[in-house]
Amino acid sequence: FAIKQKMNAAGVDERHNNGRRQGIINYSKEEILSLLNVMEEILPIGPDEWELVVTQHSESFPYRDSASIRRKCQMLHRKKIPTGDPSMPEEVR
């Protein structure tokens, strides 16, 4: 079986267009702490507050859009806190 690939003018396979975009930079610890500090000041509830968060965060990190910032905040909110090993003896902790 031969699988045909759909190549665009740049020679990139067009079938795989979902997933992470090329060239996107991960959030650094510094950027996450900055974002959390901005959110602590503003406490975004509605779209107006989210725009304030984006505007203030963009002063230090201008390459993020509002959708990216909201997704990151939602991901941080859903993240489980590690509980450790419950069977570990107290003196080892």
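Conventions we followed
- Residues numbered from 1 in each chain as written.
- Predicted model: local features only at pLDDT ≥ 70, side-chain atom pairs only at ≥ 80, totals over all residues.
- Heavy atoms only, no water.
- Helix = DSSP H or I, 4+ residues; strand = E, 2+ residues; numbered from the N terminus.
- Buried < 20%, exposed > 50% of the residue type's maximum accessible area, 1.4 Å probe, protein only.
- Areas by Shrake-Rupley, 256 points an atom, 1.4 Å probe, with all protein chains shown as cover.
- Axes fitted to C-alpha atoms, helices over the stretch in contact; angles between N-to-C directions.
- Parallel < 35°, antiparallel > 145°, perpendicular 65-115°, else oblique.
- Left-handed = near helix turned anticlockwise from the far one by under 90°.
- Contact = heavy atoms within 4.5 Å.
- Nonpolar A, V, L, I, M, F, W, Y, C, P; charged D, E, K, R; others polar.
- Expected span 1.5 Å × (residues − 1).
- Arc of directions from axis to C-beta.
- Polar contact = N/O pair within 3.5 Å; in protein donor to acceptor, adjacent residues only side chain to side chain.
- pLDDT = per-residue confidence, 0-100.
- Core = buried A, V, L, I, M, F, W, Y, C linked by side-chain atoms within 4.5 Å.

1. Let's talk about the overall build of the chain
Argument step 1. Of the regular secondary structure elements, the chain holds 3 helices and 0 strands.
Argument step 2. For the chain, the N- to C-terminal ordering of α and β elements is α-α-α.
Argument step 3. In the chain, which comprises 93 residues, the share counted as buried stands at 20%.
Argument step 4. Taken as a whole, the chain presents about 8300 Å² of accessible surface, with 54% of it coming from carbon and sulfur.

2. Focus: the packing of helix H1 (residues 29-42) against helix H2 (residues 47-60)
Argument step 1. Where H1 meets H2, the axes come as close as 10 Å, and the angle between the chain directions of the two elements is 140°. Relative to H2, the element H1 lies oblique. Like other packed secondary-structure pairs, H1 and H2 cross with a definite hand, here right-handed. Residue-level contacts link Glu31, Ser34, Leu35, Val38, Met39, Glu41 and Ile42 of H1 to Glu49, Trp50, Leu52, Val53, Gln56 and His57 of H2.
Argument step 2. Residue composition of the contact of H1 with H2, by class: 7 nonpolar, 3 polar and 3 charged.

3. A few points about H2
Argument step 1. With 14 residues, H2 ought to run about 20 Å at 1.5 Å a step, and its terminal C-alpha atoms sit 21 Å apart, in line with that.
Argument step 2. Along H2, the residues classified as buried are Trp50, Val53, Val54 and His57. The arc that holds every buried residue of H2, seen down its axis, measures 100°, which confines them to one face. In H2, the exposed positions that point more than 90 degrees away from the buried face belong to Asp48 and Glu59.
Argument step 3. Tucked into the core, H2 has its buried residues touching H1 and helix H3 (66-78).

4. Here we look at the side chain of Glu31
Argument step 1. When you line up the elements, Glu31 lands in helix H1.
Argument step 2. Judged by relative accessible area, Glu31 falls into the buried class, the value being 0%.
Argument step 3. Polar contacts involving the side chain of Glu31 include one to the side chain of Arg64, which spans 2.9 Å.
Argument step 4. Look past the residues within four positions of Glu31 in its chain and what remains in contact with it is Asn26, His57, Phe61, Tyr63 and Arg64.

5. Observations regarding the confidence of the model for the chain
Argument step 1. In this model, the chain carries an average pLDDT of 80, and 72% of its residues clear a pLDDT of 70 or more.
Argument step 2. By mean pLDDT, the top-scoring element of the chain is H1 (94), and the lowest-scoring one is H3 (91).

6. Re the nonpolar core
Argument step 1. Counting residues in each nonpolar core, the largest one holds 10 residues, listed as Tyr27, Ile32, Leu35, Val38, Met39, Trp50, Val53, Val54, Ile69 and Cys73.
Argument step 2. Broken down by secondary-structure element, the contributors of at least two residues to this core are H1, H2 and H3.
Argument step 3. The element best represented in this core is H1, accounting for 4 residues.
Argument step 4. Once residues within four sequence positions are removed from consideration, Val53 is found in contact with Leu35, Val38, Met39, Ile42, Pro44 and Ile69.

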